[in-house]
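Structural features, examined
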Amino acid sequence: MSRRRRIYEGKAKILYEGPEPGTLIQHFKDDATAFNAKKHEVIEGKGVLNNRISEFLFKRLAEIGVPTHFIRRLNMREQLIREVEIIPIEVVVRNIAAGSIAKRLGLEEGTALPRSIIEFYYKADALDDPMVSEEHITAFGWANPQEIDEMMALALRVNDYLSGLFYGVGIRLVDFKLEFGRQFENDMMRIVLADEISPDSCRLWDIKTDEKLDKDRFRQDLGGLLDAYREVARRLGILMDNRPTKTSGPRLVSSK
Ligand code: TMP
Ligand code: ASP
């Protein structure tokens, strides 16, 4: 069997050449990193969960008309995607203060923000992905004003839709990060949602208990990352709960 050509390896994913021109295979690894990979661990099973969760969310977003790079899931760890030219900007949407904004502006974690706030970070590991403004993005030519408007409009649609979707399963969407790419077809170019949306790239808190169900469990050494990701998948209806039950008697099934 011939080896596939590896196009790119990131911290949590690998991109391979796809079966047809214009396609790639996105492979989800089990590696968890934080603080620009200064902290690193392999958490067996994380990649499988992120592949499923990201597939689910990208499909739902496509259904409401958000263009994405996703074509189909291939197996437990891989999905077929459209090849795009990644815009080197991380678009972060925040609803509740947590993480870097809480630190930067001295806000108490958990404070509702006056409105959803969009931030941009320049994708550059050597610089620890610095926050940048629209001025930097246009001056350095990373994206033009029209592309920025398009990314912001899509990011807000994603936020509205995913906030509701997660709320329906008892999860608060605190914040998340998106990446976009340029897809070229004939003479046309369009901006599409790329990369992944998973508990690696979102903050997800249980509505009732505020329990963290995302990568902060790893960043903050809280443990139980896999159980948290499994819980997110279970609530979304992706994963059947097939863990052994503790009792052999009848199980109480909540209707909520
Ligand atoms: P932050 O509070 O650390 O700036 O993170 C904001 C959101 O972006 C949070 O949901 C985690 C996500 N994120 C990534 O997906 N990748 C990153 O490299 C960073 C720093 C944050
Ligand atoms: N993904 C980044 C890293 O690997 C940062 C983070 O998610 O906290 O360092």
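Here we summarise the structure given alongside this text. Residue numbers here run from 1 along each chain, matching the order of that chain's written sequence. Labels are handed out in written order, letters beginning with A for the chains and numbers beginning with 1 for the ligands. The predicted nature of this model means local features are confined to residues of pLDDT at least 70 and side-chain atom pairs, given and counted, to a pLDDT of 80 or more, with totals for whole chains, interfaces and linings taken over all residues. Excluded from the side-chain calculation are hydrogens and water; included are all heavy atoms of the structure.

A separate point is the nonpolar core. Note on terminology: a nonpolar core comprises buried Ala, Val, Leu, Ile, Met, Phe, Trp, Tyr and Cys residues joined through side-chain atoms within 4.5 Å. Any residue under 20% of the maximum accessible area for its type is buried, any over 50% is exposed, and the rest in between are partly exposed; the area is computed with a 1.4 Å probe on protein chains only. Counting 49 residues, the largest nonpolar core has Leu57, Val158, Phe166, Phe180, Leu193, Ile197 and Leu236 as its most contacted members. Only DSSP runs of H or I reaching four residues or more are called helices, and only runs of E reaching two or more are called strands; each is numbered from the N terminus. Ranked by residue count, the leading element in this core is helix H4 (residues 145-167), at 8 residues.

Turning to the environment of Asn159, a few remarks are in order. Summarising the element assignment, Asn159 is placed in helix H4. Distance from Asn159 to Asn50, taken between C-alpha atoms, is 19 Å for residues 109 residues apart in sequence. Polar contact is the term for a pair of N or O atoms within 3.5 Å; when the atoms are in protein, one must be able to donate a hydrogen and the other to accept it, and sequence-neighboring residues count only if both atoms are side-chain atoms. A polar contact is formed between the side chain of Asn159 and the side chain of Asn95, at a distance of 2.9 Å.

Geometry of a packed helix pair, given as the angle between the helix axes and the separation of the axes. Whenever a helix is involved, its axis is fitted only over the stretch in contact; in every case the axis is a line through C-alpha atoms, and angles between N-to-C directions fall within 0 to 180 degrees. With their axes 11 Å apart at the nearest point, helix H1 (residues 46-63) and H4 run at an angle of 120° to one another. It follows that H1 is oblique to H4 by the angle criterion. Taken as a pair, H1 and H4 cross one another with a handedness that is right-handed. Residues Phe56, Leu57, Arg60 and Leu61 of H1 form the contact with H4, whose participating residues are Val158, Tyr161, Leu162, Leu165 and Phe166. Any angle from 65 to 115 degrees is called roughly perpendicular, while one under 35 is roughly parallel, one over 145 is roughly antiparallel, and all others are oblique. Helix crossings fall into two classes, left-handed where the near helix is turned counterclockwise from the far one by less than a right angle and right-handed where it is turned clockwise. The contact definition used throughout considers only heavy atoms, calling two residues in contact when any of these lie within 4.5 Å.

All right, on to the layout of surface pockets then. The method is simple in principle: a probe with the dimensions of a water molecule rolls over the atoms, and the space it marks as empty is what remains. Points on a 1 Å grid, built from protein atoms alone, make a cavity when a 1.4 Å probe fits but cannot get out and make a pocket when they are open with protein on both sides within 12 Å along at least 5 of 7 lines; residues with an atom within 4 Å of a point are the lining residues. Grid points are joined across faces, edges and corners, and a volume is the space filled by probe spheres set on the points. By volume, the largest pocket is sized at about 1,600 Å³. Lining the largest pocket we find 50 residues, and of these Lys11, Glu90, Asp129, Lys177 and Lys215 sit closest to its centre. Throughout, the ten residues Ala, Val, Leu, Ile, Met, Phe, Trp, Tyr, Cys and Pro are labelled nonpolar, Asp, Glu, Lys and Arg are labelled charged, and all others, Gly among them, are labelled polar. Taken together, the residues of the lining of the largest pocket sort by class into 19 nonpolar, 9 polar and 22 charged.

Residues in close proximity to ligand 2 include Lys11, Thr33, Ala34, Phe35, Asn36, Ala37, Lys215 and Arg219, which together make up its full environment. Ala37 is positioned with one of its backbone polar atoms (N or O) 2.8 Å from an oxygen atom of ligand 2. Against a free-state accessible area of 270 Å², the protein chains account for coverage of 72% of ligand 2. The cavity that encloses ligand 2 is the largest pocket. Along the lines of polarity and charge, the residues of the shell around ligand 2 split into 3 nonpolar, 2 polar and 3 charged. Throughout, near means a residue has at least one heavy atom within 4 Å of the molecule or strand. In short, Shrake-Rupley with a 1.4 Å probe defines the accessible areas, and a residue's cover is counted only from the protein chains shown. Pocket or cavity membership: a molecule qualifies when more than half of its atoms sit within 2 Å of the grid points of that site.

Let's shift gears to the pairing of strand S2 (residues 13-17). Two faces belong to every sheet, and in a regular strand the side chains alternate between them. Counting buried residues in S2 gives 4 out of 5 residues, a clear majority hidden from the surface. A strand pair is defined by DSSP finding two or more bridges across the two strands. Sheet analysis places strand S1 (residues 6-9) next to S2, joined by 3 bridges and oriented antiparallel. Bridged to Glu9 within S2 is Ile14. Between the antiparallel neighbours S1 and S2 lie 3 residues. Sheet topology places S2 next to strand S3 (residues 23-28); 5 bridges connect them, and they run antiparallel. Along S3, the bridge assignment pairs Lys13 with Phe28.

On to unusual backbone geometry. With a phi angle near 55°, Phe35 is a residue other than glycine that sits in the positive phi range. Turning to its location among the elements, Phe35 is positioned in the loop between strand S4 (31-34) and strand S5 (39-42). For Asp129, which is not glycine, the phi dihedral falls at a positive 45°. Secondary-structure assignment places Asp129 in the loop between strand S10 (112-122) and strand S11 (131-132).

Another point: the site of ligand 1. Taken together, the neighbourhood of ligand 1 is formed by 15 residues, with Arg94, Ser100, Asp175, Lys177 and Arg203 sitting nearest. One of the side-chain nitrogen or oxygen atoms of Ser100 is found 2.6 Å away from an oxygen atom of ligand 1. Relative to its unbound accessible surface of 460 Å², ligand 1 loses 76% to contact with the protein. Judged by its atoms lying within 2 Å of the grid points, ligand 1 is housed in the largest pocket. Looking at the shell around ligand 1, the elements that each hand over two or more residues are strand S9 (89-96), helix H2 (99-105), strand S12 (171-185) and strand S14 (202-206). Within the shell around ligand 1, the residues separate by chemical class into 5 nonpolar, 3 polar and 7 charged.

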